[in-house]
Amino acid sequence: MLHYHTLPVTAFQQNCSLVWCDQSKDAAVIDPGGELETIEWEIERLGLNLKAIWLTHGHIDHAGGVAELAARQPLDIIGPHEGDRFWIDGLPQQGEMFGFPPAQSFEPTRWLHDGDTVRVGQETLHVRHTPGHTPGHVVFHAPQIDRCFVGDVLFAGSIGRTDFPQGNHQQLIDSIVQRLWPMGDQTVFVPGHGPESSFGRERKTNPYVGNT
Ligand SMILES: [Zn+2]
Ligand SMILES: [Zn+2]
């Protein structure tokens, strides 16, 4: 069985999620943007063995803590798609621009592609490439619990910004309609910021992607 626990980190209240397999207690952390002590305390409290970092995209609030966390213990850094290399290479500058603690860039162990899978213990999640907010953005779909970790693609009542370099509004809409909606209306998503919602609810009520 797959479990998860979400904790908002950084001044941007970014939803960092721990996901784990309850048989092995092996865990991955999705988007450790910062506040590593909080994340590590939670891992300790839950009795998890952290094995990997999974990334939805290269923005500082999602990836700012990766280099430091991976320096403290041996961890695979998985994702995002290589289209976000320029964001990861630019993490030190992103940190200065947004007033974050100093952040280092890093080289992922593995870049992800559309259709890839990632494993934690006995559990498998599916990767979709969802460009638009950033060119290398990916999401992690866990059909066994009807959950999807969508980063900054979609929010309850809103969608991701597309005014950054290589952002693209139409591409973001296409990613949502063609790659998220097929996961099913019942799928609950964990966005990069703010509360969870379901794809069905957003299809009905989200002003940016309603009736799509
Ligand atoms: Zn972002
Ligand atoms: Zn964000």
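Residues numbered from 1 in each chain as written. Chains lettered and ligands numbered in written order. Predicted model: local features only at pLDDT ≥ 70, side-chain atom pairs only at ≥ 80, totals over all residues.

## Observations regarding the environment of Val 190
Among the secondary structure elements, Val 190 is positioned in strand 12 (residues 188–191). As a C-alpha pair, Val 190 and Asp 61 span 129 residues in sequence and 15 Å in three-dimensional space. Among all residues touching Val 190, those that are not within four sequence positions of it are Thr 6, Asn 15, Ser 17, Arg 147, Phe 149, Val 150 and Glu 196. (Helix = DSSP H or I, 4+ residues; strand = E, 2+ residues; numbered from the N terminus. Contact = placed C-beta atoms within 7 Å.)

## Focus on the nonpolar core
Of all hydrophobic cores here, the largest spans 50 residues; its most connected members are Ala 27, Ala 28, Val 29, Ile 53, Trp 54, Phe 140 and Val 150. When residues of this core are assigned to their parent elements, the largest contribution, five residues, is made by strand 2 (residues 14–21). Among residues more than four places away in sequence, those in contact with Ala 27 are Leu 18, Val 19, Trp 20, Ile 43, Leu 48, Asn 49, Leu 50, Lys 51 and Val 120. (Core = buried A, V, L, I, M, F, W, Y, C linked by C-beta atoms within 7 Å. Buried ≥ 20, exposed ≤ 12 C-beta atoms within 10 Å, placed from the backbone.)

## Concerning the UniProt feature "domain: Metallo-beta-lactamase" (unreviewed entry) in the protein chain
Following the UniProt record, the feature "domain: Metallo-beta-lactamase" (unreviewed entry) maps to residues 13–193 here. Between the end C-alpha atoms of residues 13–193 the distance is 6 Å, and the span holds 26% helix and 28% strand. (UniProt positions renumbered as here; feature names shortened; annotations may be inferred.)

## Examining the sheet that holds strand 7 (residues 123–129)
For sheets, the rule is that strands pair by backbone hydrogen bonds, running either parallel or antiparallel. Pairing within the open sheet is mixed, and its six strands lie in the order 6-7-8-9-12-13. Edge positions in the sheet fall to strand 6 (117–120) and strand 13 (197–198), since each of these pairs with one other strand and no more. Where strand 9 (residues 147–151) lies against strand 12, four bridges are found, and the strand directions are parallel. Bridge pairing in strand 12 links Phe 149 to Val 190. (Pairing = 2+ DSSP bridges.)

## Section: helix 6 (residues 169–180)
The end-to-end C-alpha distance of helix 6, which contains 12 residues, comes to 16 Å, matching closely the 16 Å that a straight helix rising 1.5 Å per residue would cover. Of the positions making up helix 6, those classed as buried are Leu 172, Ser 175, Ile 176, Arg 179 and Leu 180. Around the axis of helix 6, the buried residues are gathered within 115° of arc, so they sit on the same side. Residues Gln 170 and Gln 178 are exposed on helix 6 and point more than 90 degrees away from its buried face. (Expected span 1.5 Å × (residues − 1). Arc of directions from axis to C-beta.)

## A word on the confidence of the model for the protein chain
In the predicted model, the protein chain carries a mean pLDDT of 97, and the fraction of residues at 70 or more is 100%. Within the protein chain, the element-level pLDDT minimum falls on helix 5 (residues 91–98), averaging 94, and the maximum on strand 8 (residues 138–142), averaging 99. (pLDDT = per-residue confidence, 0-100.)

## As for the sheet that holds strand 2
The mixed open sheet is built from five strands, whose spatial order is 1-2-3-4-5. Looking along the sheet, the strands with just one partner apiece sit at the ends: strand 1 (2–9) and strand 5 (76–78). Taking each pair of neighbouring strands and ignoring which way they run, the sheet shows an average axis angle of 25°. Summarising the sheet, strand 2 and strand 3 (residues 26–30) pair through four bridges and their orientation is antiparallel. (Axes fitted to C-alpha atoms, helices over the stretch in contact; angles between N-to-C directions.)

## A short note on the environment of Gly 58
Tracing the backbone through its elements, the reader meets Gly 58 in the loop between strand 4 (49–54) and helix 2 (60–63). Taking the C-beta count within 10 Å as the criterion, Gly 58 has 28 such neighbours and is therefore assigned buried. Through-space distance from the C-alpha of Gly 58 to that of Leu 112 is 13 Å; in sequence the pair is 54 residues apart. What Gly 58 contacts, discounting residues up to four positions off in sequence, is Ala 63, Pro 80, Asp 84, Trp 87, Ile 88, Thr 134 and Gly 136.

## Some words on unusual backbone geometry
Only a minority of non-glycine residues have a phi that is not negative, and only a minority of peptide bonds are not trans. Put simply, Gly 79 and Pro 80 share a cis peptide bond, and its omega is -5°. Inspection of the secondary structure assignment puts Pro 80 in the loop between strand 5 and helix 4 (85–89). Backbone geometry at Glu 35 places phi at a positive 50°, although glycine is not the residue there. In this structure, Glu 35 sits in the loop between strand 3 and helix 1 (36–46). Owing to 19 C-beta atoms within 10 Å, Glu 35 belongs among the partly exposed residues under this scheme.

## Some words on the pairing of strand 12
Both strand 12 and strand 13 contribute to a ladder of two bridges, which runs antiparallel. Residue Phe 189 lies in a different strand from strand 13, and its bridge partner there is Ser 197. In sequence, strand 12 turns back onto strand 13 through a hairpin of five residues, with Gly 194 there showing a positive phi of about 85°.

## Some thoughts on the pairing of strand 8
Counted residue by residue, strand 8 has five buried out of five residues, so it is predominantly covered. Both faces of strand 8 are covered, namely the face carrying Val 138, Phe 140 and Ala 142 and the face carrying Val 139 and His 141. Where strand 7 meets strand 8, four bridges bridge the pair, whose relative direction is antiparallel. Its bridge partner being in strand 8, Arg 128 is matched across the sheet by Val 139. Sheet topology note: the strand 8/strand 9 ladder contains three bridges and is antiparallel. Residue pairing across strands places Ala 142 opposite Arg 147, the latter belonging to strand 9. Taken together, strand 8 and the strand that follows it, strand 9, pair antiparallel across an intervening segment of four residues, in which Asp 146 is found at a positive phi of about 55°.

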